Amino acid sequence: MTRPLLFLLCLLALLPYPASARLAGPPEVWQQPAEARDLAQIRRTGVLKVLVNQSRNSSGEVKGEPVGVEYHRIRAFEQFLNRNARDGREIKLKILPRSKDQLLAALQRGEGDLVAPGELINQRVGANVSASAPLRKDVPLVLVSRQGQRRYQRLEQLSGRSIALPVGSAAGEALRQVNEKLAGRKLAPIVVEWVDPTLAVEDVLEMVQAGIFTLTAVEQPIAERWAKVMPKLRLDRHLVLDRQGDMTWFVRRDAPTLRASVNRFLAGYRAPDDQDAAFQRVYRRLYRVHNPLARNERQRLERVRPVLQRYADQHNFDWLSLAALAYKESSLNPAAKGASGATGLMQITPGAARSVGVGNIQKLDNNVQASAKYLAMLRRNFFASAQLDERERMAFVLAAYNLGPQRVQAMRAEARRRGLNSNQWFFQVERIAGEQAGMGVVSYVNSVNKYYLAYDRERYLLEPSKKAGKTRK
């Protein structure tokens, strides 16, 4: 290799990677862009495909009531386009929920015409996408914790601490810059815990409120919105990671007419005064996850751990999945009594127990055995497809445990009809469940999932027999 070429390669290696490359989570898949659909073509087809952040914060309806922060705005844009149609042909919206970190790639591939994320989004350098005029300028990214926890006065006090972030959070890049400053002062970095992709920003906030996560960082308007329904959250507005980002929509660069229409609409749009009324009414009593690892809860879990592990092993479940379900159903109380004859640790009904050949569910062993067998039956008879990954399979099984398998299968069919992923419960089929059945089953599955993730973070401490076995080897 010649010396000039070697020198050039060394220089290239020193160039910084784009910010998006440093973010954790699934990478966006960029490929040759599809042909753009500008406004004229959209009018000819009569459909505007809007890619929305699948977070419940950003989009969605519950029994006909809009709860997503972007819902009113994109519906108003639909009306704006139809008022300005010269040929009288109406445009209908097609809402396409995607993971936040995949939105711009989906736009690039031509899967949608417009991206309405409802959060700050890191635009990929050089991508064939164009930001609209700002919806909000200079949005602060603030620290959020639980009331009663230690209050920090300066960012450097967070050195060595952990902050939980959902996949795609703009706070990831802001924290990278903060960590560079800490390194310059020879201080330990702030540790970023990128959470499971089944958790959106509102889920992380709920787990902070419960004390499962200690800290998160989020856009101030989003934190203020969710604090209305999560009263134990504390917003540390004086701890600002960054305030240089703008909330925008995105279109393709090769759709200039659509972008011009978006900007004309946003210039005159004013959100309705009551736009969060349904949001507060729907969610006020739903986001009440507790910490399943508090001292008393750990003691209760240890008492029932052997029976949970025994029947989880027999029916090929992760015992922590059964533990999470038991915590949701009974707070790990074997004597709990519920509605419709549901009883015991797993709150299974006598009829469901009989259907799998188990009686006397007042007895702890039988109660757990009946529940594990019933869950296994649901999995085998309704959700055995190889197209389901194990996390989604368990989510469908839990939804069926709560709502009935036939209703869940009907919701999957409706999801397919609408172009949603019928093999994904989180953020996809759960949208149909929210519209048709309300937030009960959605909250149920999400709560069990959060308890499972909380347990899984401390699996090593919760499985003393396995820990001891590893120590002996």
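Preceding this section is the structure that the text describes.
Residues numbered from 1 in each chain as written. Predicted model: local features only at pLDDT ≥ 70, side-chain atom pairs only at ≥ 80, totals over all residues. Heavy atoms only, no water.

**A short note on the overall build of the protein chain**
Piece 1. When helices and strands are counted, the protein chain shows 20 helices and 12 strands.
Piece 2. Taken over the C-alpha atoms alone, the protein chain extends approximately 70 × 60 × 55 Å along its principal axes.
Piece 3. When the 473 residues of the protein chain are sorted by exposure, 54% land in the buried category.
Piece 4. Considering only contacts in the protein chain between residues 6 or more positions apart, those separated by 24 or more positions represent 72%.
Piece 5. The centroid of the 74 positive side-chain charges in the protein chain is displaced by 3 Å from the centroid of its 46 negative side-chain charges. (Helix = DSSP H or I, 4+ residues; strand = E, 2+ residues; numbered from the N terminus. Buried < 20%, exposed > 50% of the residue type's maximum accessible area, 1.4 Å probe, protein only. Contact = heavy atoms within 4.5 Å. Lys, Arg positive; Asp, Glu negative; His and termini not counted. Charge placed at Lys NZ, Arg CZ, Asp CG, Glu CD.)

**Focus: helix α12 (residues 319-330)**
Since the α-helix turns once every 3.6 residues, residues separated by three or four places project in the same direction.
Piece 1. If you check α12, its first and last C-alpha atoms are 16 Å apart, about what 12 residues at 1.5 Å a residue would give, namely 16 Å.
Piece 2. Among the 12 residues that make up α12, 10 are buried, leaving the element largely enclosed by the rest of the structure.
Piece 3. For α12, every residue scored as buried is listed here: Trp 319, Leu 320, Ser 321, Leu 322, Ala 323, Ala 324, Leu 325, Ala 326, Tyr 327 and Ser 330.
Piece 4. Looking at the buried residues of α12, the elements they touch are α11 (295-314), α14 (364-382), α15 (390-403), α18 (439-457) and α19 (459-462).
Piece 5. For α12, the capping residue at the N-terminal end is Asp 318, with a side-chain oxygen 3.0 Å from the backbone nitrogen of Leu 320.
Piece 6. Looking one or two residues past α12, Ser 331 carries a phi angle of roughly 55 degrees, positive in sign. (Expected span 1.5 Å × (residues − 1). Polar contact = N/O pair within 3.5 Å; in protein donor to acceptor, adjacent residues only side chain to side chain.)

**A word on the packing of α14 against α15**
Piece 1. Two elements in contact, α14 and α15, have axes whose closest approach is 9 Å; the angle formed by their N-to-C orientations is 115 degrees. By the angle between their axes, α14 is roughly perpendicular relative to α15. When the axes of α14 and α15 are compared, the crossing they make is right-handed. Residue-level inspection shows Ser 371, Tyr 374, Leu 375, Leu 378 and Arg 379 of α14 in contact with α15, the latter providing Arg 393, Val 397, Ala 400 and Tyr 401.
Piece 2. A breakdown of the residues in the contact of α14 with α15 according to their chemical character gives six nonpolar, one polar and two charged. (Axes fitted to C-alpha atoms, helices over the stretch in contact; angles between N-to-C directions. Parallel < 35°, antiparallel > 145°, perpendicular 65-115°, else oblique. Left-handed = near helix turned anticlockwise from the far one by under 90°. Nonpolar A, V, L, I, M, F, W, Y, C, P; charged D, E, K, R; others polar.)

**Notes on the sheet that holds strand β12 (residues 250-252)**
Piece 1. Taking strand neighbours across the sheet as the criterion, the five strands line up as β4-β1-β5-β12-β6 in an open arrangement whose pairing is mixed. Both outer strands of the open sheet, β4 (92-98) and β6 (129-131), are each paired with one neighbouring strand and no more. Here the average twist between neighbouring strands, direction ignored, is 30 degrees.
Piece 2. Along the sheet, helix α9 (residues 256-268) contacts β1 (47-53), β5 (114-116), β6 and β12; its crossing angle with β12, the most-contacted strand, is approximately 160 degrees. (Pairing = 2+ DSSP bridges.)

**Structural notes on helix α16 (residues 405-417)**
Piece 1. Its 13 residues give α16 an end-to-end C-alpha distance of 19 Å, which sits within 8% of 18 Å, the value for a rise of 1.5 Å per residue.
Piece 2. Among all positions of α16, only Pro 405, Val 408, Met 411, Arg 412, Glu 414 and Ala 415 are buried.
Piece 3. Of the surrounding elements, those touching the buried residues of α16 are α14, α15 and α17 (425-437).

**A few points about the side chain of Glu 430**
Piece 1. Within the secondary structure, Glu 430 is located in helix α17.
Piece 2. Look at Glu 430 and you get buried, because its relative accessible area is 4%.
Piece 3. Apart from residues lying up to four places away in sequence, Glu 430 is in contact with Arg 56, Trp 425, Val 442 and Asn 446.

**Regarding the nonpolar core**
Piece 1. Counting residues in each nonpolar core, the largest one holds 116 residues, and the members touching the most others are Leu 241, Leu 308, Trp 425 and Tyr 455.
Piece 2. In this view, Leu 308 contacts Leu 301, Trp 319, Leu 322, Ala 323, Leu 345, Met 346 and Val 368; residues no more than four positions away in its chain are not counted. (Core = buried A, V, L, I, M, F, W, Y, C linked by side-chain atoms within 4.5 Å.)

**Quick notes on the packing of aromatic side chains**
Piece 1. One pass over the structure, following the stated rule, counts 14 aromatic pairs.
Piece 2. Each ring, one from Trp 249 and one from Phe 265, has its centre 6.0 Å from the other, and the planes form 20 degrees; the classification is stacked. Of the two residues, Trp 249 sits in the loop between β11 (233-247) and β12 while Phe 265 sits in helix α9, which places them 16 residues apart along the sequence.
Piece 3. Looking at Phe 265, the relative accessible area reads 5%, which means it is buried.
Piece 4. Put simply, the rings of Phe 77, Phe 80, Trp 249, Phe 265 and Tyr 269 touch in pairs and so form one group of aromatic residues.
Piece 5. Here the guanidinium or amino end of Arg 225 rests over the ring plane of Phe 279, the centre of that ring lying 3.9 Å away.
Piece 6. The ring of Phe 317 has Arg 379 sitting right over it, with the charged end atom 4.1 Å from the ring centre. (Phe/Tyr/Trp six-rings, centres within 6.5 Å; stacked < 30°, edge-to-face > 60°. Lys NZ or Arg CZ within 6 Å of the ring centre and 35° of its normal.)

**Looking at the pairing of strand β8 (residues 162-165)**
Piece 1. Where β8 lies against strand β9 (residues 191-194), four bridges are found, and the strand directions are parallel. Note on β9: the bridge partner recorded for Leu 165 is Trp 194.
Piece 2. At this point the chain moves from β8, through helix α6 (residues 171-184), to the parallel β9, and the crossover so formed is right-handed. (Right-handed = clockwise from strand over helix to strand, strands pointing away.)

**With respect to the packing of α16 against α17**
Piece 1. Between α16 and α17, the shortest axis-to-axis distance is 9 Å and the interhelical angle comes to 115 degrees. With respect to each other, α16 and α17 are oriented roughly perpendicular. Remark: the crossing between α16 and α17 carries right-handed chirality. Taking contact as the criterion, the partners of Arg 407, Met 411, Arg 412, Glu 414 and Ala 415 in α16 are, on α17, Val 429, Ile 432, Ala 433, Gln 436 and Ala 437.
Piece 2. Of the residues in the contact of α16 with α17, the class split is six nonpolar, one polar and three charged.

**Some remarks on the pattern of salt bridges**
Opposite charge on two side chains lets them pair, provided their charged atoms get close.
Piece 1. The final tally for this structure, using the stated rule, is 37 salt bridges.
Piece 2. A salt bridge links Glu 119 to Lys 100, with the shortest nitrogen-to-oxygen separation between them at 3.0 Å. Highlighted residues: Glu 119 in the loop between β5 and β6 and Lys 100 in the loop between β4 and α5 (103-108), separated in sequence by 19 residues. Note on accessibility: Glu 119 and Lys 100 belong to one class, buried.
Piece 3. Arg 185 is the salt-bridge partner of Glu 156, the closest N and O atoms lying 3.5 Å from each other. On the criterion of sequence distance, the pair formed by Glu 156 in the loop between β7 (136-146) and β8 and Arg 185 in the loop between α6 and β9 is long-range, its members being 29 residues apart. (Salt bridge = Lys/Arg side-chain N within 4 Å of Asp/Glu carboxyl O.)

**Focus: the environment of Gln 387**
Piece 1. Within the element layout of this structure, Gln 387 appears in the loop between α14 and α15.
Piece 2. Of note is the side chain of Gln 387, whose polar atom sits 3.4 Å from the side chain of Asn 423.

**Topic: the side chain of Glu 463**
Piece 1. Residue placement: Glu 463 occurs in the loop between α19 and α20 (464-472).
Piece 2. Taking relative accessible area as the criterion, Glu 463 reaches 6% and is therefore assigned buried.
Piece 3. A polar side-chain atom of Glu 463 sits 2.7 Å from a polar atom in the side chain of Trp 319.
Piece 4. Aside from chain neighbours lying at most four places away, what touches Glu 463 is Gln 309 and Trp 319.

Any functional reading would require information beyond the geometric quantities listed.
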